[in-house]
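Fold and geometry: a report
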Amino acid sequence: KTARPNATSPPHYMENVLYARRWMTKFLLDLLAQRDVATLETAPCQHVLKEETESLLRAFLAKESNESCSAVEMRNISKMASDILESFNTLSEDKISVMKWLSPVLSACIQTNNVTLRTSVQILLTRLLKGANQTSVANGNTPSKDAS
């Protein structure tokens, strides 16, 4: 038997990054599962959701465009991005309507090669556009022909 060299060495920094990103994704999913819309409307909650969702989706796009990215890394980041988008897709209309920042964040992902993510993005963008049009009509504005 050979002894493991550096058996007490710390984990590689990429393992720490993955571990932290997994915990942040779990935290975001828990935030999105809040039943109270008022909780989601708070500025700190919106800030965390926006910044961390942007960070996760940027990381996904960077890994997708990097040909040297390993399949394991791509699978991990794809799963996290898919989980967060699915969670957004399960939100009620009143919850999704407070996340006006979501549309620009999602627009960067519209041409991803990942079909599952692209479909989730398209569904979310359609819901956001529909909600914006309904709000516009409710406020007495008529939607332009370009918006429909």
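Heads up: the structure comes first, above all this text.
An account of the accompanying structure is given in this report. Predicted model, so just to flag it, every value in this text is computed and none were measured.

1. Looking at the packing of aromatic side chains
According to the stated counting rule, one finds 2 aromatic pairs in the structure shown. Measuring from ring centre to ring centre gives 6.3 Å for Tyr19 and Trp23, while their planes differ by 70°; the resulting arrangement is edge-to-face. Residue Tyr19 and its partner Trp23 are both found in helix α1 (residues 13-32); the two are separated by 4 residues, about one turn of the helix. Note on Tyr19: relative accessible area 54%, which makes it exposed. Among the residues examined, Trp23 registers a relative accessible area of 48% and is labelled partly exposed. Ring centres of Phe88 and Trp101 lie 6.1 Å apart, and the angle between their planes is 75°; on these two criteria the pair is classed as edge-to-face.

2. Let's talk about the packing of α1 against helix α4 (residues 71-89)
At their nearest, the axes of α1 and α4 sit 9 Å apart, and the two run at 10° to each other. When the axes of α1 and α4 are compared, the pair comes out roughly parallel. Between α1, through Met14, Leu18, Arg21, Arg22, Thr25, Leu28, Leu29 and Leu32, and α4, the contact on the second element is made entirely by Glu73, Asn76, Ile77, Met80, Asp83, Ile84, Ser87 and Phe88. Here the contact of α1 with α4 is composed, by residue class, of 9 nonpolar, 3 polar and 4 charged.

3. Observations concerning α1
The terminal C-alpha atoms of α1, which comprises 20 residues, lie 28 Å apart, in line with the 28 Å expected from a rise of 1.5 Å per residue. What α1 keeps buried is the set Thr25, Leu28, Leu31 and Leu32. Around the axis of α1, the buried residues are gathered within 115° of arc, so they sit on the same side. Against α2 (37-41), α3 (43-65), α4 and α5 (93-96) lie the buried residues of α1.

4. As for the environment of Ile96
Here Ile96 shows up in helix α5. Residues Ile96 and Gly131 lie 35 residues apart in sequence; the distance between their C-alpha atoms is 8.5 Å.

5. Details of the layout of surface pockets
Counted as a void, the second largest pocket has a volume near 200 Å³. Lining the second largest pocket, in full, are Met14, Glu15, Val17, Leu18, Arg21, Ala59, Lys63, Val72, Glu73, Asn76, Ile77 and Met80. Considering only residue class, the lining of the second largest pocket consists of 7 nonpolar, 1 polar and 4 charged.

6. Things to note about the pattern of salt bridges
What the rule picks out here adds up to 7 salt bridges. Note that Lys50 is salt-bridged to Glu54, the shortest N-O span being 3.2 Å. One end of the pair, Lys50, and the other, Glu54, are both in helix α3, 4 residues apart, so they sit about a helical turn from each other. The partly exposed category is assigned to Lys50, whose relative accessible area is 26%. Judged by its relative accessible area of 18%, Glu54 falls in the buried class. The salt bridge partner of Arg127 is Glu93, with a shortest N-O separation of 3.0 Å. Residue Arg127 is found in helix α7 (residues 115-138), and its partner Glu93 is found in helix α5; the two are separated by 34 residues along the sequence.

So, how was this worked out
Residues numbered from 1 in each chain as written. Predicted model: local features only at pLDDT ≥ 70, side-chain atom pairs only at ≥ 80, totals over all residues. Heavy atoms only, no water. Phe/Tyr/Trp six-rings, centres within 6.5 Å; stacked < 30°, edge-to-face > 60°. Helix = DSSP H or I, 4+ residues; strand = E, 2+ residues; numbered from the N terminus. Buried < 20%, exposed > 50% of the residue type's maximum accessible area, 1.4 Å probe, protein only. Axes fitted to C-alpha atoms, helices over the stretch in contact; angles between N-to-C directions. Parallel < 35°, antiparallel > 145°, perpendicular 65-115°, else oblique. Contact = heavy atoms within 4.5 Å. Nonpolar A, V, L, I, M, F, W, Y, C, P; charged D, E, K, R; others polar. Expected span 1.5 Å × (residues − 1). Arc of directions from axis to C-beta. 1 Å grid on protein atoms, 1.4 Å probe; cavity = no way out; pocket = protein on both sides within 12 Å on 5 of 7 lines; lining within 4 Å. Points joined across faces, edges and corners; volume = space filled by probe spheres on them. Salt bridge = Lys/Arg side-chain N within 4 Å of Asp/Glu carboxyl O.

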